Amino acid sequence: MKSGSGGAPLPEFMRVEQACALRTGLFWSLYGVWYRHVKVYCRTLIANAMPPVLEPLFFFTAVAVGLSTYMRDGLFDGLPYTAFVASGILASSSMFTGVFETTYAAFVRLTWQKTYDAMLSTHLRVHEVFTGEFLFCGTKGAVFSAVVMLVTMLFGVKITPWCVLVPVVGFATAYLFGAIGLIVTSYVKMINNFTFFTTGVITPLFFFSGTFFPVFSGTLGPPTSVRGVVDLLWFVLPLSHSVELSRALYKAQADWMTLAHVGMLLLYVVVAHWLALRRIRTRVLG
Amino acid sequence: MGDAALAVFLVAVVEPVDLDVRDCLFGGEVVLHPLGGAFVVVPGVVVGVRVFRGPGLILVVDGLAALQRLGEVVFPRAAATPYDAWFGKGTMNAQTQEPIVTSRDLLKCYGKLHAVDGVSFDVHPTECVGFLGPNGAGKTTLMRMILSLVGKSGGELNVFGLTPMSQRKLINRHIGVVFQDNNLDSELAAADSLLVHGLYCGLDHGTARKRIADLLAWMELSEKAGSEIRELSGGMVRRLMIARALLNQPRLLILDEPTTGLDPQVRHVIWALLRQLKRQGMTILLTTHYMEEAQQLADRVMIMDHGKVLLDGAPNALVERHLERYVLQAAGLSAIPEHDGDVRHEHAGDADFFYSNTEASLQKLYERVRTPFTVLRHANLEDVFLKFTGHGLTE
């Protein structure tokens, strides 16, 4: 018989109604989406994970290991320069992994692979599909920040017990930038347009959020002086808070500013999440 | 269950079955009340059950009998919806003749373009309805509206008696869809790409894997379970997409141009599979621009153009109603030959069409205009299609 000619009987579950409890709650919907992304990502793990792991390490070796040989015993914000950069770079690598997932990758899923059509043709809702995606971004952020932390330890960077919370900072950072990336994607019509965002927004964030040098003077004052304006701008940047929080873990020190950073990070997460879902809804349900 | 106290969350008391429980974080079973309305029953605890729309109450009632009495009080409107008839408790196998899809003056506009322009139709259970139309006729938009992927601009649309978009969670649970483009996850193995879809549908891993194995066996694709999607032929991919659409035991199967771009052998295989589903009582909506496909599968076709339904009827009935029985089709004639009074002539591009109910008159004509490109044949659906959508390019 010719293959698939319809000679075989229909599967039993198609002929006899079988009671089957569907797991339609929010948790399982998010799990389904998250599982898909993990499965696809792991299928090509080496190709996917090499650049986001290697890139921060190149920066780390070039900048921290390379430059610090010229700095004698100088402490940056209370940390040796290698630890200072390591704590900054693990936050920025979480940012990159989150942003990439919901800009280029999401755009491909949206316009070419039509992955979201397949998801939304089931009972999944828009907010479940994309929250699941942010959770996957967060997962990647947690893993990559931990990897950066572990590898920089090989270069002699010392950690504190508080550094077990590094993956939490990585998770929140990647979740936030996953949501921000999706907001951008909701406006983008051609994939080339993302370069405006990556070069114009993400690269400056990478350099000026305190990753490589301390930007903040120590106290937030009124923006009456240049110093005050710079401090305030820095405080508004979404990456600064992740950098400062991971640095607080490396220093094992917390103060009122740390609490302010937690608050700002959470605020950004909530706002970006809400805005991203609102925007993407109109884009996918045309 | 009568002895155990049930923690019950009452949802949307106002509208019957206007259930919008976004999340039952810790599980919970949706029970449709026979009088219309819905409960989320969580044995034991109710923590984490939330309702986003409509009034909700947390009650603890003693057993199902009490639940029943309570329902009679809080759901005063005793209007059973078609959804109850299909999917209510204890009616899983019930047959009902209520239409599965009803559309009245349905409208979808993109700016000034009317993609769907005042479409009205019903789709009854076990029917196979084919939507025929040139590219851009609005077929795909219509399918996407049924799937809650596109909102309407006007008119009315009901699926299983419910409203798409706002009640997508209940509707899409019972629909399977085969999209026009391959949107399986090409990075994954065949079985895995079905598995993730099973999870989207809310199946657990075990049930999903069992169903996938059964479906692949049915489609004689079992040995391809581990192959990556990109290694499979177009026909295998299309069969996989059909398998994927069946994972959730749908009551309505939507196929958007299921055999476009496939070779004739594969098309016949897919038609056989679909006929098998049809015999099982599956309700099927299909869009196509292959007349043959419509004639092979559809009980009823709707010919669409520019967002409007031009014709609606059984394929053969449409041919009988709108055309003469025979057609003589000739290409490249230098002059229109004399013909009998009962022969109707139409000219399109470089082709001439002569229609008549008497074969003899066309036979006479055939002898005179015989060229390699002249054909005398029965009128078919394609002639009807071209008659109503025009012979010229519509794009």
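Before reading on, note that the structure itself is shown above.
Small disclaimer: the values here were computed from a predicted structure and weren't measured.

Trainee: Looking at this structure, how should I read the pattern of salt bridges?
Mentor: Close approach of charged atoms allows side chains of opposite charge to pair. Following the criterion strictly, the structure yields 24 salt bridges over all chains and no others. Linking A:Asp77 and A:Lys251 is a salt bridge whose minimum nitrogen-to-oxygen distance equals 3.3 Å. On the criterion of sequence distance, the pair formed by A:Asp77 in the loop between strand S1 (75-76) and strand S2 (79-80) and A:Lys251 in helix H10 (residues 238-251) is long-range, its members being 174 residues apart. Overall, the relative accessible area of 23% leaves A:Lys251 in the partly exposed class. A salt bridge links B:Glu257 to B:Lys139, with the shortest nitrogen-to-oxygen separation between them at 3.9 Å. Taken together, the positions of B:Glu257 in the loop between strand S12 (252-256) and helix H8 (264-279) and B:Lys139 in helix H3 (residues 139-146) put the pair 118 residues apart, joining distant regions of the chain. Relative accessible area serves as the criterion here: at 3%, B:Glu257 is assigned to the buried category. One salt-bridge network, in which partners are shared between bridges, spans A:Glu101, A:Arg109, A:Glu133 and A:Lys140.

Trainee: Can you help me understand the packing of helix H6 (residues 126-154) of chain A against helix H11 (residues 256-284) of chain A in this one?
Mentor: Residues and elements named next belong to chain A. Direction vectors running N to C along H6 and H11 enclose 125°, while the axes themselves pass 10 Å from each other. Between H6 and H11, the angle falls in the class oblique. Viewed along their axes, H6 and H11 form a crossing whose handedness is right-handed. In contact with Val126, His127, Phe130, Thr131 and Phe134 of H6, H11 contributes His273, Ala276, Leu277, Ile280, Arg281 and Val284. Its residues assigned to classes, the contact of H6 with H11 comprises seven nonpolar, three polar and one charged.

Trainee: Sorry, what's going on with the interface of chain A and chain B here?
Mentor: Interfaces are frequently sized by the accessible area removed from exposure as the parts join. Chain A puts 50 residues into the contact, and the matching count from chain B is 65 residues. Regarding the contact of chain A and chain B, the summed buried area is about 5200 Å², with carbon and sulfur atoms giving 55% of it. At the boundary of chain A and chain B, one finds five salt bridges. The partner of B:Asp185 in a salt bridge is A:Arg36, and the shortest N-O contact between them spans 2.4 Å. For the pair chain A and chain B, the number of links is 17 residue pairs in polar contact (both at pLDDT 80 or more). Every element with two or more residues in the side of chain A that touches chain B is listed here: helix H1 (12-15), helix H2 (26-43), helix H5 (115-120) and H6 of chain A.

Trainee: How should the packing of aromatic side chains be read in this particular structure?
Mentor: A ring pair, where both rings are aromatic, is described by two values, the distance of the centres and the angle of the planes. All names here are of chain A. Applying the stated criterion across every chain, the model contains 25 aromatic pairs over all chains. Relative to Tyr31, the ring of Trp28 lies with its centre 5.5 Å away and its plane at 85°, an arrangement referred to as edge-to-face. A residue pair is termed a helical-turn pair when its members lie 3 or 4 positions apart in one helix, as Trp28 and Tyr31 do in helix H2 at three residues. On the basis of relative accessibility, which here comes to 29%, the residue Trp28 falls in the partly exposed class. With a centroid separation of 5.7 Å and 70° between ring planes, the pair formed by Tyr41 and Phe136 is classed as edge-to-face. Linking Tyr41 in helix H2 with Phe136 in helix H6, this pair joins segments that are 95 residues apart in sequence. Overall, the relative accessible area of 12% leaves Tyr41 in the buried class. Through successive ring pairs, a cluster of aromatic residues spans Phe59, Phe96, Phe206, Phe207 and Phe212. Seen from the ring of Trp28, Arg23 lies directly overhead, with NZ or CZ sitting 3.5 Å from the centre.

Trainee: Help me understand the nonpolar core, please; the structure alone is not making it clear to me.
Mentor: Side chains that are nonpolar tend, in soluble globular proteins, to be buried together. Membership of the largest hydrophobic core comes to 160 residues, with the highest contact counts inside it found for A:Tyr250 and B:Leu252. For this core, the element with the most residues is helix H4 (residues 81-113) of chain A, which contributes 13 residues. Both of domain 2 (101-313) and domain 3 (324-378) of chain B provide at least three residues apiece to this core. Listed in part, the eight residues of the second largest apolar core include B:Tyr326, B:Leu328, B:Val343 and B:Leu362.

Trainee: Is there a simple way to explain unusual backbone geometry in this structure?
Mentor: Keep in mind that most residues, glycine aside, have a negative phi and that most peptide bonds are trans. All names here are of chain A. The backbone of Asp77 shows a phi angle near 55°, a positive value even though the residue is not glycine. By relative accessible area, Asp77 is classed as partly exposed at 33%. If you check the backbone angles, Ala252 has positive phi at about 55° while not being a glycine. Position of Ala252 relative to the elements: it lies in the loop between H10 and H11.

Rules of the game
- Residues numbered from 1 in each chain as written.
- Chains lettered and ligands numbered in written order.
- Predicted model: local features only at pLDDT ≥ 70, side-chain atom pairs only at ≥ 80, totals over all residues.
- Heavy atoms only, no water.
- Salt bridge = Lys/Arg side-chain N within 4 Å of Asp/Glu carboxyl O.
- Helix = DSSP H or I, 4+ residues; strand = E, 2+ residues; numbered from the N terminus.
- Buried < 20%, exposed > 50% of the residue type's maximum accessible area, 1.4 Å probe, protein only.
- Axes fitted to C-alpha atoms, helices over the stretch in contact; angles between N-to-C directions.
- Parallel < 35°, antiparallel > 145°, perpendicular 65-115°, else oblique.
- Left-handed = near helix turned anticlockwise from the far one by under 90°.
- Contact = heavy atoms within 4.5 Å.
- Nonpolar A, V, L, I, M, F, W, Y, C, P; charged D, E, K, R; others polar.
- Buried area = accessible area lost by both parts, 1.4 Å probe.
- Polar contact = N/O pair within 3.5 Å; in protein donor to acceptor, adjacent residues only side chain to side chain.
- Phe/Tyr/Trp six-rings, centres within 6.5 Å; stacked < 30°, edge-to-face > 60°.
- Lys NZ or Arg CZ within 6 Å of the ring centre and 35° of its normal.
- Core = buried A, V, L, I, M, F, W, Y, C linked by side-chain atoms within 4.5 Å.
- Domains from an automatic or database assignment.

Purely spatial values, then, with no claim about function.
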